[in-house]
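Chains, contacts and geometry: an overview
Below are the chains, spelled out letter by letter.
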Amino acid sequence: MSFFDKVLKWFEKRVHLNELLSFITTFGIFYYPFPLDKSVKESLKEVTNRPVPYYSRWPYFLGILIFIQFLFQIFTGILLLLYYIPSMEKGYQSTIFIIRDVPIGYYILGIHRWGGILIIIFVMLRLLRFIYHKIYHPPRELFWIFAFLIFLLLSFQYITGTLLPMSDGNYWKVERILEIIKVIPFVDRIFSFLYGNFMIDKYMHLRFYISHVFFTPLFLFCIFYLHFLSVRKLGFFTSPKKMEPIYPGYFYDIFIIFLLLTGILFSLSVLFPAKYIQVFDPFKTPPKIALPFFILPFHFLKVKLPDTLAGVIMLILVLFLFFLPWIDRSKPIPLYKRPLVFLVSIMILLFLIITGIFGFYLK
Amino acid sequence: MIGMIFIYLIFEARGCMVCHSEVRKEYSEGVHYKERIECISCHGGNENTLDIKKAHADGFKGIPGRRKVIKVCTYCHSSPEKMKPYGLSFDQEILYYTSEHGEAFKKGNDEVAVCTDCHGVHRILPHNDPLSLTNKMSLPLMCGKCHSDFNMMKKYGISSDVVLEYNLSIHAEEVRKGNPHSPTCVGCHSTHGAVPPGIGDIEKVCGKCHIRTREYFLRSYHSKVWKELDYLECEGCHSNHYVEKTSHDLWKQKCIECHERESKSYKIAEEIYTLFITCENEILRAEKLTEELRKIPVDVEDFIGRIEEAKTYLIEAEPVSHSISVEEVKSFIAKSKSIAEEVQREAIRKKKLFESKRILLPIFWFLIFFTIALIIYYRR
């Protein structure tokens, strides 16, 4: 018996290691239930030798990619948290301090910022894939609900995070987004209940900060956990064509994805760094405000339509997407074989893209 | 009667104000009312009665005419005993008679400005009150009442554009910005003893504020020769009322008026002009680089401080240039220029250092691909 085995045994007698491993491995490493009645070594051996389908291949890896990216965000976020000062006055200076003076702060902030943009793109792609393959077919409705909630919460993370540097461009971006939230019925009530009002002051800044670093990540983490649990319970959607044992095949594939993601984030943060040119000025609107791409369709609607109508359209769109599993009751086959759903989804997609493009060129 | 008593009680109006109610509001806002100077001090009469005849007896003067008004005012304002407690000067009458206004007044001209023309009649406010006619902000307007009147000024052969010209000048711009040191009309012409400064005195008047400039100007060859030639000193290049913000182009525009293009003197002017322009360009380039770095962001506090230092030397060189000595100007410009060039060099070095971060990218990608290759190799 080796030394490592002795240590393992010592711990096994005192801690329920199987449950701990079961919790950790919930997050996308082993999709199968973890046997709790055997010893750690045996159960690990059993689980790792089970074959899984090629889930580390496009487009199946989107889910695990989002979770890895989320871990990236948490890791870089904690590092940023150490130096950021949560106040209207000091926010900008501390951001500049992080970029300028903190060792590798420049890369950490760049990776955190680009990670926020990438994760939303990944979530959107995943939602599109869900619609294409109709993965939300019963009993997997919750997959869609979780995915959509993750999208909403991540968008909110993006908005709250945008305010934190307190630079001129970012301040006005959030100001515009708040104007959009203000016209959506019910949502505006919830927002003003949680955040006071629609004016960016020091209290709003503090609340945004707390949401960004604590509450929303906590919710997200819970939803991720629930999502993985339901995946474990219900199993995979598609019938596996090619199988491979979890270790080493699947495990190393995830590692390769992780490495590539690091490279992409690092390159983006060096080649396209964020520019926080000057501190915010609430009395001077800059001529051009670059809104995030997923806000642009709503911005276009808000500007071009009367406030109430625009708000109602936005609300209906969000509710429609949220309750999609109960609205779309077609068979779970690829999208092009379901003409009606295909037409509707293409129309909604085109509508979002076209209004988004118009919203980008709006003065 | 009850109404009259009512007014009497409410407004503390003495007898005069009961009937002369049209004056009451105007007068009650003025400084004289606040200091309890009664109507009878200027107009005579009896204020303690409401009987019209009795009130207008007792040495009643009525409205003092333009010729008498100076006497009425100076009764108090030339008395040291009365003025000392307020800290006011009591030499206005003497000064007034030394002014162009006073000289003409003595000769019997009724049109010239007397006390009430500038200070108002009943509603007289201290000059530091923003509503006062003699406040710094409204002073050009007040002088302009007469000095912008073409028909009136034509009689005396004076230009009626002075206030207009002044309003376009850098001095007026600074006053509007709130600079307390910038002069209005009275800054150069004085208040009660208002005279236009004569030739030979202009540099003294301007030198009150532009001390260093005057110092260097007096050193120059110009100052000696221009006095002999009766040539206007500062005014010659900078004009009198319409004093523009000077640019270095003045060396090219003004010197050519007297000096030939090929002459030695014009060469000096050209040399000084080149010195200033090159120095300014160097500073601008340094500022541009610094701004670029600041946007990245890179620490540039040090550069900003040093650019300020360079600018200070450049500003110091401007009064020195009035001595028309290339050597003296050069000594200041050289300092400024060397700082600006140093900042540029360091800024470029810092920028290159920052951009060198991109070299890391290929190395990073190489490491990633190497690791992936290793994994794939060992999995087989």
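Definitions and cut-offs
Residues numbered from 1 in each chain as written. Chains lettered and ligands numbered in written order. Predicted model: local features only at pLDDT ≥ 70, side-chain atom pairs only at ≥ 80, totals over all residues. Helix = DSSP H or I, 4+ residues; strand = E, 2+ residues; numbered from the N terminus. Rg over C-alpha atoms; globule rule 2.2 N^0.38 Å. Buried ≥ 20, exposed ≤ 12 C-beta atoms within 10 Å, placed from the backbone. Contact = placed C-beta atoms within 7 Å. Domains from an automatic or database assignment. Nonpolar A, V, L, I, M, F, W, Y, C, P; charged D, E, K, R; others polar. pLDDT = per-residue confidence, 0-100. Core = buried A, V, L, I, M, F, W, Y, C linked by C-beta atoms within 7 Å. Axes fitted to C-alpha atoms, helices over the stretch in contact; angles between N-to-C directions. Parallel < 35°, antiparallel > 145°, perpendicular 65-115°, else oblique. Left-handed = near helix turned anticlockwise from the far one by under 90°.

1. A few points about the overall build of chain B
- The number of helices and strands found in chain B is 25 helices and zero strands.
- Its C-alpha radius of gyration of 34 Å places chain B more than 25% over the 21 Å reference for a compact globule of 380 residues.
- Taking the principal axes of the C-alpha coordinates as reference, chain B spans close to 125 × 70 × 40 Å.
- Relative to its full complement of 380 residues, chain B shows a buried share of 22%.
- Here the contacts in chain B between residues at least 6 apart in sequence split such that 54% fall between residues at least 24 apart.

2. So, the overall build of chain A
- Scanning chain A for helices and strands turns up 15 helices and two strands.
- Over its C-alpha atoms chain A spans a radius of gyration of 23 Å, differing by no more than 12% from the 21 Å that the globule rule assigns to 363 residues.
- Of all 363 residues assigned to chain A, the portion counted as buried reaches 29%.
- In chain A, once contacts between residues fewer than 6 apart in sequence are set aside, the share between residues at least 24 apart is 75%.

3. Comments concerning the domain arrangement of chain A
Residues and elements named next belong to chain A.
- Annotation of chain A at the domain level lists domain 1 (3-49) and domain 2 (53-360).
- Contacts between domain 1 and domain 2 engage nine residues on the former and 11 residues on the latter.
- Of the residues belonging to the side of domain 1 that touches domain 2, the class tally is five nonpolar, four polar and no charged.

4. Considering the interface of chain A and chain B
- Chain A puts 15 residues into the contact, and the matching count from chain B is 14 residues.
- Contributing elements (two or more residues each) for the side of chain A that touches chain B: α5 (88-100) and α11 (246-271) of chain A.
- Sorting elements by how many residues they give to the side of chain A that touches chain B places α11(A) first, with 10 residues.

5. Brief notes about the confidence of the model for chain B
All names here are of chain B.
- Per-residue pLDDT for chain B averages 88, and the proportion of residues at 70 or more is 96%.
- At the level of individual helices and strands, chain B shows its lowest average pLDDT in helix α1 (residues 2-11), which scores 57, and its highest in helix α23 (residues 301-320), which scores 94.
- The complex model carries a pTM of 0.75, and its ipTM stands at 0.81.

6. Quick look at the environment of K41(A)
- Mapped onto the secondary structure, K41(A) falls in helix α3 (residues 40-48).
- With 32 residues separating them along the chain, K41(A) and K9(A) place their C-alpha atoms 9.9 Å apart.

7. Observations regarding the nonpolar core
Residue and element names in this part refer to chain A.
- Membership of the largest hydrophobic core comes to 67 residues, with the highest contact counts inside it found for I119, V123, W144, A147 and Y171.
- When residues of this core are sorted by domain, at least three fall in each of domain 1 (3-49) and domain 2 (53-360).
- Y171 has contacts with L163, M166, I200 and F280, leaving out every residue within four places of it along the chain.

8. Points about the domain arrangement of chain B
Residues and elements named next belong to chain B.
- Looking at the assigned domains, one finds that chain B contains domain 1 (198-245) and domain 2 (264-361).
- For domain 1 versus domain 2, the distance between C-alpha centres works out to 30 Å.
- With eight residues of domain 1 in contact, the opposing surface of domain 2 contributes five residues.
- Sorting the residues of the side of domain 1 that touches domain 2 by element identifies α18 (211-219) and α19 (221-229) as the ones contributing at least two each.
- In terms of residue count, α18 provides more of the side of domain 1 that touches domain 2 than any other element does, five residues in total.
- Residues belonging to the side of domain 1 that touches domain 2 are distributed by class as follows: three nonpolar, three polar and two charged.

9. Details of unusual backbone geometry
- Residue P138(A) is joined to P139(A) through a cis peptide bond whose omega torsion reads 10°.
- With respect to the helices, strands and loops of the structure, P139(A) is situated in the loop between α6 (105-133) and α7 (141-163).
- Here the residue pair I296(B) and P297(B) is connected by a cis peptide bond, since its omega of 5° sits within 30 degrees of zero.
- Inspection of the secondary structure puts P297(B) in the loop between α22 (264-295) and α23.
- Unlike most non-glycine residues, D230(B) shows phi in positive territory, near 55°.

10. Regarding the environment of G110(A)
All names here are of chain A.
- Here G110 lies in helix α6.
- Take G110: there are 23 C-beta atoms within 10 Å of it, and that puts it in the buried class.
- Here the alpha-carbon distance between G110 and P273, two residues 163 residues apart in the chain, equals 6.2 Å.
- Dropping the residues within four chain positions of it, G110 is found in contact with S269, V270, P273 and A274.

11. Describing the packing of α22(B) against α23(B)
Residues and elements named next belong to chain B.
- Packing of α22 against α23 leaves a shortest axis separation of 11 Å and a crossing angle of 165°. Relative to α23, the element α22 lies roughly antiparallel. Viewed along their axes, α22 and α23 form a crossing whose handedness is left-handed. Residues C279, E280, I283, A286, E287 and T290 of α22 pack against F303, I304, I307, A310, K311 and L314 of α23.
- Split by residue class, the contact of α22 with α23 holds eight nonpolar, one polar and three charged.

12. Side note on the packing of helix α8 (residues 168-183) of chain A against helix α12 (residues 296-304) of chain A
Residues and elements named next belong to chain A.
- Interhelical geometry of α8 versus α12 gives an angle of 65° and a closest axis separation of 10 Å. If you check the angle between α8 and α12, you find them roughly perpendicular. For the pair α8 and α12, the crossing hand works out as left-handed. Contacts from R176, E179, I180 and V183 of α8 reach α12 at F298, H299 and K302.
- Classifying every residue of the contact of α8 with α12 by side-chain character gives three nonpolar, one polar and three charged.

13. Things to note about the confidence of the model for chain A
- When pLDDT is averaged across chain A, the result is 89; 97% of the residues are at 70 or more.
- The weakest mean pLDDT in chain A belongs to strand β1 (residues 51-53) of chain A at 73; the strongest belongs to α7(A) at 94.

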